[in-house]
Amino acid sequence: TWYEGYQVGNVYNGNTSFSLNGSGSFNSSYSTKCSFTGNLTVNRTGAGTTDLFGTGFNFITGNFNFSNTVGGNTFINSSNVLNGPINGTVNITATGSGNPSFYLRKIKNLTGGGTISVQNSGYTLIQNDTLNVNTVNINGFTGGSSDEMSGNVITGNVTFADAATNTGSVYVGNNNIGGNTILSTNSASVWYESYSSSDTYFGNVTFNRNGTGPLYLSYSDTTYARQNLTINSNAGIDINSSIEFTGSANSTIEQLGAQPIIMPRLIIRKTGTGSLTLEDSVTVTTTASFISGNINTSIGKELIFPNNITYTGASTASHVVGPVVKIGDDTFVFPVGGPTSLNTVAMSAPVGAASRF
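Residues numbered from 1 in each chain as written. Predicted model: local features only at pLDDT ≥ 70, side-chain atom pairs only at ≥ 80, totals over all residues. Heavy atoms only, no water.

Asks: Teacher, can you tell me more about the overall build of the chain here?
Replies: Scanning the chain from terminus to terminus reveals 0 helices and 43 strands. Seen through its C-alpha atoms, the chain measures out along the principal axes to roughly 80 × 40 × 25 Å. Burial status across the chain gives 52% buried among its 357 residues. If you take every contact in the chain between residues at least 6 apart in sequence, the share linking residues at least 24 apart comes to 46%. When the accessible surface of the chain is totalled, it reaches about 13700 Å², and 49% of it is carbon and sulfur. (Helix = DSSP H or I, 4+ residues; strand = E, 2+ residues; numbered from the N terminus. Buried < 20%, exposed > 50% of the residue type's maximum accessible area, 1.4 Å probe, protein only. Contact = heavy atoms within 4.5 Å. Areas by Shrake-Rupley, 256 points an atom, 1.4 Å probe, with all protein chains shown as cover.)

In structure tokens:
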């Protein structure tokens with residue numbers, strides 16, 4: 001067992017490389033924060049536990065590179081303490097047999113272009129990071145512990161997917177992801193998205209349900225989509241709260257599987273000429289909120305209001321361009337119009353809760 005940064009922190013005035021060729025555990029910044037002027041490279045070729053930055057670090061002025069392709073637990077700032085910045089890129093590869101745990105917490109880098117690849121890990125915790133990277137690919141994690149990706153700001157594309165053998169719950173919440181995002185459940189585990197706080201997706205976002213466990217979207221807070229939102233499921237994806245489409249880009253919502261798209265609240269808050277196009281019908285079970293931007297619909301791809309459900313805020317700047325369906329025995333004003341005009345159609349109460357217009 002190695003203890004680096006034991007009692008008093010080390011200062012490395014140049015590029016630093018740790019080569020971990022044996023099976024013993026390695027602990028850096030064990031009891032005191034260390035400082036790295038230049039690049040820091042950690043390469044493990046003998047399976048064993050790697051615990052980096054146990055008390056954090058003051059700064060890394062160059063790049064941070066970590067590679068472990070042989071297995072063993074990897075903890076990068078397991079204590080979740082505040083660190084200084086990494087001025088360069090971050091490149092992390094963690095693979096190997098045995099489904100080892102992987103932690104990445106409160107790591108912030110300032111230069112883009114790196115990649116993070118974690119394959120077939122066990123307990124996985126990606127938390128409170130600010131990652132200026134091209135891709136984050138976390139694929140095939142498994143085990144009985146609750147995995148988490150929360151509180152992160154990531155500039156690049158993100159893939160987060162469990163293995164078919166996973167049994168622990170998965171929590172995704174309070175993330176801001178700049179690139180495209182793919183979240184895939186492949187197991188019987190329960191997934192919670194926008195857990196405890198909202199997730200915001202600046203690129204396209206896709207939710208795949210390939211396993212048997214439920215996937216709850218907007219579980220406890222609003223999910224914000226600035227571009228396209230795609231659902232791929234035949235059953236088992238439940239939208240608990242609100243989906244809000246924001247930003248200036250045009251957005252679509254689409255179901256690639258057979259499950260109808262049903263959500264409590266649909267909110268459109270676009271800027272400029274941004275709009276939302278329905279590629280499948282969407283049923284709202286509480287309300288639709290028209291704030292800014294139009295919703296484009298077509299035959300077979302309508303916005304549907306069930307019995308006793310209505311909307312708020314339709315205006316010339318925000319309404320439906322295309323067909324709207326109303327089910328039930330309510331009086332109703334259809335929030336329809338042209339691209340720049342609100343031209344509502346009103347109807348009196350029909351007979352029967354199953355009436356459809």
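Next comes the rest of the account.
Asks: Hey, could you run me through the packing of aromatic side chains in this one?
Replies: Where two aromatic rings form a pair, the distance of their centres and the angle of their planes describe that pair. In this structure the tally under the stated criterion is 26 aromatic pairs. Centroid distance Tyr3 to Tyr6: 6.4 Å. Interplanar angle 50°. Geometry classified as tilted. Taken together, a centroid distance of 5.1 Å and an interplanar angle of 5° make the contact between Tyr12 and Phe36 stacked. Here Tyr12, found in strand 2 (residues 11-13), pairs with Phe36, found in strand 5 (residues 34-37); they are 24 residues apart in sequence, far enough to count as distant. Of note, Lys326 hangs over the ring of Phe332, and the distance from its end group to the ring centre comes to 5.5 Å. (Phe/Tyr/Trp six-rings, centres within 6.5 Å; stacked < 30°, edge-to-face > 60°. Lys NZ or Arg CZ within 6 Å of the ring centre and 35° of its normal.)

Asks: I'm lost on the sheet that holds strand 14 (residues 124-127) in this one. Help?
Replies: Adjacent strands of a sheet form backbone hydrogen bonds with each other and so pair up, either parallel or antiparallel. Pairing is parallel in the open sheet, where 11 strands are placed in the order 1-4-7-10-12-14-17-20-23-26-29. Both outer strands of the open sheet, strand 1 (2-3) and strand 29 (237-239), are each paired with one neighbouring strand and no more. Pairing between strand 12 (residues 102-105) and strand 14: 4 bridges, direction parallel. Looking at the pairing, Phe102 lines up with Thr124 of strand 14. (Pairing = 2+ DSSP bridges.)

Asks: Sorry, what's going on with the sheet that holds strand 5 here?
Replies: Here we have 3 strands laid out as an open sheet, ordered 2-5-8, and parallel in their pairing. Lying at the two open borders of the sheet, with one neighbouring strand each, are strand 2 and strand 8 (57-60). For this sheet the average axis-to-axis angle between neighbouring strands, irrespective of direction, equals 5°. The pairing of strand 2 with strand 5 spans 3 bridges and is parallel. Looking across to strand 5, one finds that Asn13 is bridged to Thr37. (Axes fitted to C-alpha atoms, helices over the stretch in contact; angles between N-to-C directions.)

Asks: Just checking my understanding: could you explain the side chain of Asn152 for this structure?
Replies: The residue Asn152 is located in the loop between strand 17 (147-150) and strand 18 (153-154) in this model. Note on Asn152: relative accessible area 0%, which makes it buried. Only 3.2 Å separates the side chain of Asn152 from the backbone nitrogen of Asn128, close enough to count as a polar contact. Engagement of the side chain of Asn152 in a polar contact is seen with the backbone oxygen of Ser150, the distance being 3.1 Å. In contact with Asn152, other than residues within four places in its own chain, are Ile126, Gln127, Asn128, Asp129, Asn174, Asn175 and Asn176. (Polar contact = N/O pair within 3.5 Å; in protein donor to acceptor, adjacent residues only side chain to side chain.)

Asks: Can you walk me through the side chain of Asp330 in this structure?
Replies: Residue position: Asp330 is located in the loop between strand 39 (324-326) and strand 40 (332-334). Of note is the side chain of Asp330, whose polar atom sits 2.7 Å from the side chain of Lys326. Contact partners of Asp330, with chain neighbours within four places excluded, come to Pro306, Asn307, Asn308, Ile309, Met347, Ser348, Ala349 and Pro350.

Asks: Please explain the pattern of salt bridges as it appears in this structure.
Replies: Between side chains of opposite charge, pairing is possible as soon as their charged atoms come close. Using the criterion set out here, one finds 3 salt bridges in the structure. Residue Lys301 is joined to Glu279 by a salt bridge in which the shortest nitrogen-to-oxygen separation is 3.7 Å. Remark: Glu279 occurs in the loop between strand 33 (276-278) and strand 34 (282-292) and Lys301 occurs in the loop between strand 35 (295-296) and strand 36 (303-305); sequence separation between them is 22 residues. Note on Glu279: relative accessible area 28%, which makes it partly exposed. The partner of Lys326 in a salt bridge is Asp330, with the nearest N and O atoms 2.7 Å apart. For Lys326, a relative accessible area of 1% translates into the label buried. (Salt bridge = Lys/Arg side-chain N within 4 Å of Asp/Glu carboxyl O.)

Asks: Teacher, can you tell me more about the pairing of strand 22 (residues 181-185) here?
Replies: Residues in a regular strand project their side chains so that they alternate between the two faces of the sheet. Counting buried residues in strand 22 gives 4 out of 5 residues, a clear majority hidden from the surface. Direction of pairing for strand 19 (residues 157-162) relative to strand 22: parallel, over a ladder of 4 bridges. From the neighbouring strand, Phe160 faces strand 22, where its bridge partner is Leu183. Pairing of strand 22 with strand 25 (residues 205-209) involves 5 bridges; the strand directions are parallel.

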